[in-house]
Amino acid sequence: MKVSQIMSSNPVAVGLDDPLSTVRDIFDHAGFHHLLVVDEGELIGVVSDRDLLRHISCNIGTNVYTPKDLDTLKKRVHQIVTRKPITLAEEASVEEAIDVFNTHRISCIPIVDAAGAAVGIVSWRDILKNFQRIIDEKLAAG
């Protein structure tokens, strides 16, 4: 099975200069765990919900937050992005994706087309959600 069959298509992307408040809003309202970071159409990196939580004040959303806490939401994506992400081509197999997850400490893989443009994203959750289908296809193939 190819990763293109289980990936999330049309991934949401942010720019390097977007504030973390924008990233937080997307994560809060869309239910995503990863955002691609692009600059002039080029994939630069990935920001995860964990990256965001590490870089904003833990007091935000509580009764004790201060203006200084809120200022952490003014940081820019370029300050927290994980650059040069490991990517896979649309034609890559799910087995290749599993190998990447097992080899590297990452939780998503951007999927790129032949020109290198991001066309999707695969997370380990996508693999788990499709696990039975992957096994059934593997067994049917021999």
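Residues numbered from 1 in each chain as written. Predicted model: local features only at pLDDT ≥ 70, side-chain atom pairs only at ≥ 80, totals over all residues. Heavy atoms only, no water.

### Focus: the environment of His104
Next up, step 1: Structurally, His104 is set in the loop between α4 (94-103) and β7 (108-112).
Next up, step 2: Taking the C-alpha atoms as reference points, His104 and Val81, separated by 23 residues in sequence, lie 17 Å from one another. (Helix = DSSP H or I, 4+ residues; strand = E, 2+ residues; numbered from the N terminus.)

### Thoughts on a nonpolar patch on the surface
Next up, step 1: Residues Phe131, Ile135 and Leu139 make up a contiguous nonpolar surface patch of roughly 300 Å² in combined accessible area.
Next up, step 2: Examined against the element boundaries, Ile135 turns out to sit in helix α6 (residues 131-141).
Next up, step 3: Residue Ile135 is classed as partly exposed on the basis of its relative accessible area, which comes to 32%. (Patch = residues over 30% accessible without salt bridge, like charges linked within 9 Å, V, L, I, M, F, W, Y side chains within 5 Å. Areas by Shrake-Rupley, 256 points an atom, 1.4 Å probe, with all protein chains shown as cover. Salt bridge = Lys/Arg side-chain N within 4 Å of Asp/Glu carboxyl O. Buried < 20%, exposed > 50% of the residue type's maximum accessible area, 1.4 Å probe, protein only.)

### Describing a negative patch on the surface
Next up, step 1: Together, Asp17, Asp39, Glu40 and Glu42 make up a negatively charged patch on the protein surface.
Next up, step 2: Following the sequence through the fold, Asp39 ends up in strand β3 (residues 34-39).
Next up, step 3: Residue classification places Asp39 among the partly exposed positions, given a relative accessible area of 36%. (Lys, Arg positive; Asp, Glu negative; His and termini not counted. Charge placed at Lys NZ, Arg CZ, Asp CG, Glu CD.)

### Quick word on the nonpolar core
Next up, step 1: Grouped together as the largest cluster of nonpolar side chains are 17 residues, with contacts concentrated most on Val14, Val23, Val37, Val47 and Val77.
Next up, step 2: A per-element tally of this core places helix α1 (residues 20-30) first, with 4 residues.
Next up, step 3: Apart from residues no more than four positions distant in its own chain, Val37 is found in contact with Val14, Gly15, Leu16, Glu42, Leu43, Ile44, Gly45, Val46, Val47, Val77 and Val81.
Next up, step 4: Residues Met7, Val94, Val100 and Phe101 belong to the second largest nonpolar core, which totals 15 residues. (Core = buried A, V, L, I, M, F, W, Y, C linked by side-chain atoms within 4.5 Å. Contact = heavy atoms within 4.5 Å.)

### Points about the sheet that holds strand β1 (residues 8-9)
As a general point, the strands of a sheet are linked pairwise by backbone hydrogen bonds and lie either parallel or antiparallel.
Next up, step 1: Taken together, 4 strands build an open sheet; the order of strands is β1-β8-β7-β6 and the sheet is mixed. At either margin of the open sheet sits one strand with a lone partner, and together these are β1 and β6 (88-89).
Next up, step 2: Direction of pairing for β6 relative to β7: parallel, over a ladder of 2 bridges. Note that in β7 the partner of Ala89 across the bridge is Val112.
Next up, step 3: Sheet strands touched by α4: β6, β7 and β8 (118-123). Its angle to β7, the strand with the most contacts, is close to 140 degrees. (Pairing = 2+ DSSP bridges. Axes fitted to C-alpha atoms, helices over the stretch in contact; angles between N-to-C directions.)

### Quick notes on α4
Next up, step 1: Listed as buried for α4 are Val94, Ala97, Val100 and Phe101. What you see down the axis of α4 is that its buried residues fit within an arc of 115 degrees, all on one side. Opposite the buried face of α4, by more than 90 degrees, sit the exposed residues Asn102 and Thr103.
Next up, step 2: Along its buried surface, α4 packs onto β6, β7, β8, α5 (124-129) and α6. (Arc of directions from axis to C-beta.)

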